[in-house]
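Structure at a glance
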Amino acid sequence: MAGDFFGVHVPELQLSDGDFAAAMGAAGLASGEHYVELGSGHGRGLVIAARDFGARATGVEYLVDAIGQARTRARAAGVDVTLEHGDLRHHDVRDADVVLLHLGPAFHDLLAPRLERLLRPSARVVAAGWRVPGWQPVSDVGWDGGYVYRPADPTMHGAWVPHDATGEAHPIHAPDAPLPALESLGAAPSPGPLFVGFRAGADLLDIRVQATGAGVRASASRLGRGQAMLVAIDLALEGAPSDVSLEVHAVDAQGRLARRGPALPVIGSVSRGR
Amino acid sequence: MQTLQAEPVESLERRLVAAMRAADGGSRGGADDGDLSGPTFVAEGAPLPGLPPTACSGGWRQPLPVSRHGVQFEERLRVAVVHPQFDGFLVTGLHARRDIGVLGVHCTGTDTRSITVHHAPGPLWRGQWRPLDLELHPGVLPRRGAVEVQIQAYDGEHPVGQPLRVVLAGSSTINLVQAGTGDEGADPAALHALATALLDDRMSTRRAARALHGGRSATTARRISALFGIRR
């Protein structure tokens, strides 16, 4: 239903059956997994998850009449779904494998920290219509009506971005130095450091950037979700060419990842060689 | 014209408004900063029997390029035409190029009862973007003319950046279904003309739309006219 009407882009208001199926397919919903829809309306998505994907489906809805219609719809479809009347902000999602959000962007933003904290690393979140600020979408799956995320997966807690996407007006050092973008890291070295950006996909603390084959400096040690920093890579101007790889280690704001070990696993890497 | 499937209960707008009401943190004409101990939110008007089953609004925006400095909304001016008997919402966002330790977003203007601002709580750090849901209460709009609301961001008690100007007008003839306006901006001159006309009265709006047909803003004017059901 989304489209341009009178030149005004209209986001999706209701998801069709095909939209629901596409969203669940993009999220990789598998038989036996737990599908949770926060703001489940009158249950079309729940029925599709249970009937077509073999999932355990739970819907959270504040409108009592919507819950009644969802129950009727599920009964007519011959599937069992769980319906809870309540505030979707307080629903316990720890057991969820796939969570679907179809709310306003402010609500997606509001729910994000709780989903990061409670979901399992393997859990996927589908945000229909509006992206979740700062989260890094899963790159290898997509759905043109929304976004698929793995918000509790540490490997999704950051991404390399071109340095000019950090919003920094000036580099960390050598303000007169050229500012190569990410793509130029494979080019011949030029005087001064190379710069790359790193954007946090969650609130990150105690950020440490480590490099092999080069010196490295980061402009921040903590970032909020969606914030970016500059990383300066100091290459040796003389001597044999070397491959450079970067790793970012951090813990999230809840300290959950710190309990698993001293640092996050590798979030991303950039290589330079010739 | 585009209408949605006739399933009123599943209207996203209604669900969103219900969720906002459930949040208990909003207050009419103010901001939902996530203070869950705040007064119970009361919104204006649920869909009435006999009316189209979906909430109705249409609107245009004047987007702003994102600056590398300061704090700014995504747009300078939003003009929205809404059905007076439906709740609805618009969406915008706030970009920060400086740290805001205590973010607040508040409304001022001729009738702040017409909009409630919802956003996630917490600080907004440099480089972050905070989406805002603007819940509309068109039931309080005047029968003719429009209201203008300024939405201002604050760091604590101090205003930051330029306010977002929102002009709201009611029209019971609208049947464009929309949950917020999207990415496409309108010609600034045409948009300001429309805002001025709306703030005057409805007939001026029609005249403004007609006049705009022959100028550079013809495309925008045609859209405006179409929305108001005006024929050339």
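Let us look at the structure shown here. Source: prediction; values computed, not measured.

1. Quick word on the overall build of chain A
Scanning chain A from terminus to terminus reveals 5 helices and 14 strands. Buried residues in chain A amount to 54% of all 274 residues. At a minimum sequence separation of 6, the contacts of chain A that also span at least 24 residues come to 63%.

2. Digging into the sheet that holds strand β13 (residues 228-234) of chain A
Residue and element names in this part refer to chain A. With respect to topology, 4 strands assemble into an open sheet ordered β9-β10-β13-β12, the strand pairing being antiparallel. On the outer flanks of this sheet lie β9 (158-161) and β12 (215-218), each paired with one strand and no other. Each strand of the sheet is rotated relative to its neighbour by a mean of 30 degrees, with strand direction disregarded. Sheet topology note: the β12/β13 ladder contains 4 bridges and is antiparallel. Among the inter-strand pairings, A218 is bridged to a residue of β13, identified as V231.

3. Section: the sheet that holds strand β4 (residues 56-61) of chain A
All names here are of chain A. Strand order in this open sheet of 6 strands is β5-β4-β3-β6-β7-β8, and the pairing throughout is mixed. Two strands close off the open sheet at either side, each with one partner strand: β5 (81-85) and β8 (146-149). Sheet twist, expressed as the average angle between the axes of neighbouring strands with direction ignored, equals 15 degrees. Sheet analysis places β4 next to β5, joined by 5 bridges and oriented parallel. Bridging from a neighbouring strand, A57 pairs with V81 of β5. With respect to the sheet, helix α1 (residues 17-26) is in contact with β3 (34-38), β6 (98-101), β7 (124-128) and β8, its orientation differing from that of β3 by roughly 125 degrees.

4. Here we look at the pairing of β4 of chain A
Residue and element names in this part refer to chain A. For β4, the buried fraction is high: 5 of the 6 residues fall into the buried class. Pairing geometry for β3 and β4, over 5 bridges, is parallel. Paired with L38 across the two strands is V60, which belongs to β4. Since β3 and β4 lie parallel, the crossover through helix α2 (residues 44-53) that links them has a hand, and here it is right-handed. Since β4 and β5 lie parallel, the crossover through helix α3 (residues 64-77) that links them has a hand, and here it is right-handed.

5. Things to note about the pattern of salt bridges
Side chains carrying opposite charge are able to pair once their charged atoms draw close together. Applying the stated criterion across every chain, the model contains 15 salt bridges over all chains. As a salt-bridge pair, R150 of chain A and D153 of chain A come within 3.0 Å of each other at their nearest N and O atoms. R150 of chain A sits in the partly exposed class, given a relative accessible area of 24%. Relative accessible area serves as the criterion here: at 12%, D153 of chain A is assigned to the buried category. Its salt-bridge partner being D155 of chain B, residue R98 of chain B comes within 2.9 Å of it at the nearest N-O pair. On the criterion of sequence distance, the pair formed by R98 of chain B in the loop between β5 (88-96) and β6 (103-109) and D155 of chain B in strand β9 (residues 146-155) is long-range, its members being 57 residues apart. On the accessibility criterion, D155 of chain B (19% relative accessible area) is buried.

6. Describing helix α4 (residues 105-118) of chain A
All names here are of chain A. Between its first and last C-alpha, α4 extends 20 Å over 14 residues, near the 20 Å set by a 1.5 Å rise per residue. The largest bend in α4 is about 35 degrees, located at L111, with the proline P113 one to four residues further on. Burial of α4 is extensive: 10 of the 14 residues sit out of reach of the surface. Taken residue by residue, α4 has P105, A106, F107, H108, D109, L111, A112, L115, E116 and L118 as its buried positions.

7. A look at the nonpolar core
The biggest cluster of nonpolar side chains holds 29 residues, and the ones touching the most others in it are M24, L29, Y35 and V126 of chain A. Taken together, the elements giving at least two residues each to this core come down to α1, α2, α3, β6 and β7 of chain A. The contact partners of V126 of chain A, leaving out residues within four places of it in the chain, are A23, A27, V98, V99, L100, L101, W143, Y147 and V148 of chain A. V71, F73, I151 and V166 of chain B belong to the second-largest nonpolar core, a separate cluster that totals 26 residues.

8. With respect to the packing of aromatic side chains
Residues and elements named next belong to chain A. Considering all chains together, one arrives at 2 aromatic pairs over all chains under this definition. Between W135 and Y149, the ring centres sit 5.1 Å apart and the planes meet at 65 degrees, which makes this aromatic pair edge-to-face. Taken together, the residues W135 in the loop between β7 and β8 and Y149 in strand β8 connect sequence positions 14 residues apart. Each member of the pair, W135 together with Y149, is buried. When the ring of Y147 is compared with that of Y149, the centres are 6.4 Å apart and the planes differ by 25 degrees; the resulting orientation is stacked. Among the aromatic residues, ring-to-ring pairing joins W135, Y147 and Y149 into one connected group.

About the criteria used
- Residues numbered from 1 in each chain as written.
- Chains lettered and ligands numbered in written order.
- Predicted model: local features only at pLDDT ≥ 70, side-chain atom pairs only at ≥ 80, totals over all residues.
- Heavy atoms only, no water.
- Helix = DSSP H or I, 4+ residues; strand = E, 2+ residues; numbered from the N terminus.
- Buried < 20%, exposed > 50% of the residue type's maximum accessible area, 1.4 Å probe, protein only.
- Contact = heavy atoms within 4.5 Å.
- Pairing = 2+ DSSP bridges.
- Axes fitted to C-alpha atoms, helices over the stretch in contact; angles between N-to-C directions.
- Right-handed = clockwise from strand over helix to strand, strands pointing away.
- Salt bridge = Lys/Arg side-chain N within 4 Å of Asp/Glu carboxyl O.
- Expected span 1.5 Å × (residues − 1).
- Bend = angle between axes of the 7 residues up to and from the residue.
- Core = buried A, V, L, I, M, F, W, Y, C linked by side-chain atoms within 4.5 Å.
- Phe/Tyr/Trp six-rings, centres within 6.5 Å; stacked < 30°, edge-to-face > 60°.

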